[in-house]
Amino acid sequence: MKDSVEENLQAEIDFWRLLIEEWENTQIEPVHARIKEALALAEYKLKKYETAHRNTRLH
């Protein structure tokens, strides 16, 4: 079961992915690097959170 932190991080990831997808379908200019960085950061935070949470449950 996901907790609120995990759900919020997943919602942020979904937001950035949708924004990138819509941008690529509607804009001539490439997606701004900052948007891709925000997605990567959210994915990194979720991975770190899941790893820490999994390690906490094992002990």
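One structure accompanies this document, and this report is about it. The residue numbers shown here count from 1 along each chain, following its written sequence. In keeping with the model being predicted, local features are shown solely for residues with a pLDDT of at least 70 and side-chain atom pairs are shown and tallied solely at 80 or more, while totals for entire chains, interfaces and linings include all residues. With hydrogens and water set aside, each side-chain value is computed from the structure's full complement of heavy atoms.

1. A few points about the overall build of the protein
- By the criteria applied, helices consist of DSSP H or I runs no shorter than four residues and strands consist of E runs no shorter than two, each listed in order from the N terminus. Counting its secondary structure elements, the protein contains two helices and zero strands.
- Atoms considered for the radius of gyration are the C-alpha atoms alone. The globule rule reads 2.2 Å times the number of residues to the power 0.38. Computed over its C-alpha atoms, the radius of gyration of the protein comes to 14 Å, more than 25% above the 10 Å expected for a compact globule of 59 residues.
- Counting only C-alpha atoms, the protein reaches 50 × 20 × 10 Å along its principal axes.
- Here the protein, with 59 residues, has 20% of them falling under the buried criterion.
- Any two residues having at least one pair of non-hydrogen atoms within 4.5 Å are treated as being in contact. In the protein, the share of contacts with a sequence separation of at least 24, taken over all contacts with a separation of at least 6, comes to 55%.
- Accessible surface area values rest on a Shrake-Rupley calculation with a 1.4 Å probe, where residue burial reflects the displayed protein chains alone. Carbon and sulfur atoms provide 56% of the accessible area of the protein, an area that totals close to 4,900 Å².
- Measuring between centres, the 9 positive side-chain charges of the protein sit 9 Å from its 12 negative side-chain charges. Exposure categories follow from relative accessible area, calculated using a 1.4 Å probe and restricted to protein chains: below 20% of the type maximum is buried, above 50% is exposed, and the middle band is partly exposed. A residue counts as positive if it is Lys or Arg and as negative if it is Asp or Glu; His and the chain ends are not included. Note that the charge is assigned to NZ on lysines, CZ on arginines, CG on aspartates and CD on glutamates.

2. A closer look at the nonpolar core
- Here, nonpolar core refers to any group of buried Ala, Val, Leu, Ile, Met, Phe, Trp, Tyr and Cys residues whose side-chain atoms link them within 4.5 Å. Core analysis: the largest hydrophobic core is formed by eleven residues, namely Leu-9, Ile-13, Trp-16, Ile-20, Trp-23, Val-31, Ile-35, Ala-38, Leu-39, Ala-42 and Leu-46.
- Mapped onto this core, the elements with two or more residues apiece are helix H1 (4-26) and helix H2 (33-58).
- If we ignore the near neighbours within four places in the chain, the residues touching Trp-23 are Glu-29, Pro-30, Val-31 and His-32.

3. With respect to the pattern of salt bridges
- One side-chain nitrogen of Lys or Arg within 4 Å of one carboxyl oxygen of Asp or Glu is enough to make a salt bridge. Applying the stated rule across the entire model yields one salt bridge.
- Between Arg-17 and Glu-43 there is a salt bridge whose closest N-O contact spans 2.8 Å. Of this pair, Arg-17 sits in helix H1 while Glu-43 sits in helix H2; the two residues are 26 residues apart in sequence, bridging distant segments of the chain.
- Taking relative accessible area as the criterion, Glu-43 reaches 31% and is therefore assigned partly exposed.

4. As for the side chain of Glu-6
- Take Glu-6: it is sitting in helix H1.
- Not counting residues up to four positions away in its chain, the partners in contact with Glu-6 are Leu-46, Tyr-49 and Glu-50.

5. Observations concerning the packing of aromatic side chains
- Stacked, tilted and edge-to-face are the three classes assigned to paired rings of Phe, Tyr and Trp, where Trp is represented by its six-membered ring and a pair needs centres within 6.5 Å; plane angles under 30 degrees give stacked, over 60 edge-to-face, the rest tilted. Inspection of the entire model under this criterion finds one aromatic pair.
- Arranged with centres 4.9 Å apart and planes meeting at 70 degrees, the rings of Phe-15 and Trp-16 form a pair that is edge-to-face.
- The partly exposed category is assigned to Phe-15, whose relative accessible area is 46%.
- By relative accessible area, Trp-16 is classed as buried at 19%.

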